[in-house]
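Architecture at a glance
If you want the building blocks of each chain, they are given just below.
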Amino acid sequence: MKATTNQPSYDVIISGAGPVGLFLACELALGQCRVLVLEKEHNPESPLKRLPFGIRGLSSPTIEALLRRGLLEELEIHKRLKNPHVSAKPQQDAQRQVGHFAGIPLLEGNIDRSKWAYRLPGSPDTSLISEMAELETILTRRAETLGVAIRRGVRVTRVDQTGENVTVWSTDQPFEAKWIVGCDGSRSVVRKAGGFAFEGTEPEFTGYTTLIDIVDPEKLRPGRNVTSKGMYMQSQPGYVLIQDFDGGAFHNSGAAITREHIQAVLRRISGTDVTIRTRHTATTWTDRARQASQYRNGRILLAGDAAHIHSPLGGQGLNLGLGDVMNLGWKLAAVIRKQAPEALLDTYHAERHPIGAQVLDWSRAQVAIMRPDPQARALRTIVQDLIDTGDGATYIAGRVWGMYTRYDLGGHHPLTGRSVPDFQLADGTKIAALMHDGQMILLDFEENPSLRALANAYARRIKYVSGKAKDRLGLDALLIRPDGIVAWASGGAAASGDLTEILNRYWDVTED
Ligand SMILES: Cc1cc2nc3c(=O)[nH]c(=O)nc-3n(C[C@H](O)[C@H](O)[C@H](O)COP(=O)(O)OP(=O)(O)OC[C@H]3O[C@@H](n4cnc5c(N)ncnc54)[C@H](O)[C@@H]3O)c2cc1C
């Protein structure tokens, strides 16, 4: 069948209705784009997306993103389950484990949150728990409300692009759009069709997530146990995670994960003769770490696991993918609306690729000290000592929860490139609440007429907000991008460059 040559009905086709594809659909629809999501599965439901398998730790950038789009309140699971990451009463809970690095516990009492600059009192949590199903349900509802078309049971098989359009094929059925974004997970067809290089390191282990009945669970030690053969952890009765340093052989073999196999692996790793009565559900994964060397090839873009994969140690993949979306969504929408130069899209790769590379290295570092060999054990002991110090724990927690995330946007002000603090204006309004429409904001604490005039010159692209704040951290004014990143700041120590020049990097006003 031949592709049609009419003007495409959609601005963007997204391949994959996972959390990243759905969130991107919401961001693009918020930016007035016509969006079609194609998802290969007929049914979004899967036990692997529900607790305990589907548990996902959300970190600060994700929590802020959801807050800035008015979605945070819709998350329910963290309200009824004890949040393992944030202590309501830190002084009474100093010994509570709030995370880990390579299985080494991170204790609440060792973390000094005051070291994280620009966090205002009343800022949202730095971490909380959710599940895949919960997130996907919330994002699907929002996407549909915003007018996104979601077609399930349509597998993308091929992508062709011209200078102006893309044709996305599902077997012999073509779909036309101006752009396609591959959010189709680790085995992304869009990535392969787009000819993206996907480079990195091969796995060292097969990871198992299992729900099993154990005849003699007392033979297993509680908590996370790194042994001379690998790692096992029973976090709740019958929910057992295992790491077997087999070079990823079992996962790659595609063999069935039988009760007998899990029992053999668990016995070997735990050094016990534990017996499994029933296997309910089991899945495997590895620490293969790869990243697309470019996130854009012409009209084809990648986000989420389609752009980068790594071991789930420390739980960062979903957060990384949702961070891609916050960065890409408003830029692609602005280019489609012809309000921004197409070159703005190249900043997506420039800003997000280094963040992805850091996460891949973070997961590799953990694998390196979990290896069942004497050198890794020796290094692990040293790292453990460091994590038991205040500075060590604060650094590790800050990295895991995204507290140090910063884009290199140039300029001298230390806030440039960072997430904007959730300032509260004198009338009680918080900045996050002003960001629900996804617009860029020029926030002026000094009510400066020249800033107001400048904002007017970029009407429909930025909105001007002025007012006194309860605590303005020594700032006079800020330019806040739709993704919540500070593009320019003035006051206190410095101003981060010429504001007009910075605005012109983002916006093209010649089309008006
Ligand atoms: C055991 C485990 C624990 C984890 N824990 C955490 C955690 O705590 N925190 C965290 O941040 N991350 C965690 N992760 C990682 C996280 O789950 C992933 O990074 C995240 O799901 C990626 O989202 P995505 O939308 O990019 O891809 P996916 O969730 O894989 O979604 C891709 C979608 O695309 C669809 N699709 C695939 N191919 C096609 C096609 N050809 N055509 C159409 N549709 C297609 C799929 O059906 C799927 O719906 C964990 C991962 C594992 C395995």
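**Considering unusual backbone geometry**
- For the bond running from leucine 51 to proline 52, omega is 0°, close enough to zero to count as cis.
- One non-glycine residue, threonine 171, lies in the positive phi region at around 50°.
- Relative to the elements of secondary structure, threonine 171 occurs in the loop between β9 (166–170) and β10 (173–182).

**A look at the sheet that holds strand β11 (residues 198–201)**
- Strand order in the open sheet formed by three strands is β11-β17-β20, with antiparallel pairing between adjacent strands. A strand with exactly one partner marks an edge of an open sheet, and here the two such strands are β11 and β20 (308–309).
- As paired elements, strand β17 (residues 289–292) and β20 share two bridges and run antiparallel to each other. Paired with glutamine 291 across the bridge in β20 is histidine 308.
- Running over the sheet, helix α9 (residues 346–370) touches β11, β17 and β20 and is turned about 175° from β17.

**Digging into the nonpolar core**
- Counting residues in each nonpolar core, the largest one holds 92 residues, and the members touching the most others are Leu332 and Trp507.
- The greatest single-element share of this core, amounting to 12 residues, is contributed by helix α8 (residues 317–336).
- Split by domain, this core shows at least three residues from each of two domains, domain 1 (10–63 + 133–199 + 290–368) and domain 3 (431–506).
- Counting 28 residues, the second largest nonpolar core, distinct from the first, contains Val98, Phe101, Phe205 and Trp362.

**Regarding the domain arrangement of the protein**
- Examined at the domain level, the protein breaks down into domain 1 (10–63 + 133–199 + 290–368), domain 2 (206–286) and domain 3 (431–506).
- Domain 1 and domain 2 are separated by 32 Å when their C-alpha centres are compared.
- Taken residue by residue, the interface counts 10 residues in domain 1 and 12 residues in domain 2.
- The junction of domain 1 with domain 2 conceals about 790 Å² of combined surface from both sides, 77% of it contributed by carbon and sulfur atoms.
- When the buried surface of domain 1 facing domain 2 is broken down by residue, Pro52, Phe53 and Leu313 rank first, second and third, together holding 58% of it.
- Our count for the domain 1 to domain 2 interface comes out at zero salt bridges.
- Taken together, the connections running from domain 1 to domain 2 amount to one residue pair in polar contact (both at pLDDT 80 or more).

**Observations regarding the site of the ligand**
- Neighbouring residues of the ligand: 30 residues in total, closest Glu39, Arg56, Gly57, Asp305 and Leu318.
- Contact distances for the ligand include 2.8 Å between an oxygen atom and a side-chain N or O atom of arginine 56.
- Within the backbone of glycine 57, an N or O atom sits 2.8 Å from an oxygen atom of the ligand.
- About the coverage of the ligand: the protein hides 82% of its 1,000 Å² of free accessible area.
- When contributions to the shell around the ligand are tallied by element, the ones reaching two or more residues are α1 (19–30), β2 (35–39), β3 (55–59) and α8.
- With three residues, α8 is the largest single contributor of residues to the shell around the ligand.
- Each residue belonging to the shell around the ligand can be placed in one class, and the counts come to 12 nonpolar, 11 polar and seven charged.

**Regarding the confidence of the model for the protein**
- Chain-level pLDDT for the protein is 93 on average; 95% of the residues reach the 70-or-more range.
- Confidence drops under pLDDT 50 across residues 83–91; counting only partners more than four residues distant or on other chains, this segment forms 27 contacts.

**Things to note about the sheet that holds strand β24 (residues 486–490)**
- Spatial strand order, β22-β21-β23-β24: four strands in an open sheet with mixed pairing. At either end of the open sheet lies a strand with only one pairing partner, and these are β22 (462–466) and β24. Averaged over neighbouring strand pairs, the angle between their axes works out to 10° when direction is ignored.
- Summarising the sheet, strand β23 (residues 477–480) and β24 pair through four bridges and their orientation is antiparallel. Each residue of the ladder has a partner; that of leucine 479, found in β24, is tryptophan 488.

**Side note on helix α11 (residues 390–400)**
- Of the positions making up α11, those classed as buried are Gly392, Ala393, Thr394, Ile396, Ala397, Gly398 and Val400.
- On the buried face of α11, the contacting elements are β3, β4 (97–101), β5 (104–107), α9 and α10 (374–387).
- Just past α11, the residue glycine 402 takes up positive phi, approximately 75°.

**Structural notes on the pairing of strand β1 (residues 10–15)**
- In terms of residue burial, β1 counts as a mostly covered element, since five of its six residues are buried.
- In this sheet, β10 lies alongside β1 in parallel orientation, the contact comprising five bridges. Note that in β10 the partner of valine 12 across the bridge is tryptophan 179.
- Crossover handedness for the path β1 to α1 to β2: right-handed.

The rules we used
- Residues numbered from 1 in each chain as written.
- Predicted model: local features only at pLDDT ≥ 70, side-chain atom pairs only at ≥ 80, totals over all residues.
- Heavy atoms only, no water.
- Helix = DSSP H or I, 4+ residues; strand = E, 2+ residues; numbered from the N terminus.
- Pairing = 2+ DSSP bridges.
- Contact = heavy atoms within 4.5 Å.
- Axes fitted to C-alpha atoms, helices over the stretch in contact; angles between N-to-C directions.
- Core = buried A, V, L, I, M, F, W, Y, C linked by side-chain atoms within 4.5 Å.
- Buried < 20%, exposed > 50% of the residue type's maximum accessible area, 1.4 Å probe, protein only.
- Domains from an automatic or database assignment.
- Buried area = accessible area lost by both parts, 1.4 Å probe.
- Salt bridge = Lys/Arg side-chain N within 4 Å of Asp/Glu carboxyl O.
- Polar contact = N/O pair within 3.5 Å; in protein donor to acceptor, adjacent residues only side chain to side chain.
- Near = heavy atom within 4 Å.
- Areas by Shrake-Rupley, 256 points an atom, 1.4 Å probe, with all protein chains shown as cover.
- Nonpolar A, V, L, I, M, F, W, Y, C, P; charged D, E, K, R; others polar.
- pLDDT = per-residue confidence, 0-100.
- Right-handed = clockwise from strand over helix to strand, strands pointing away.

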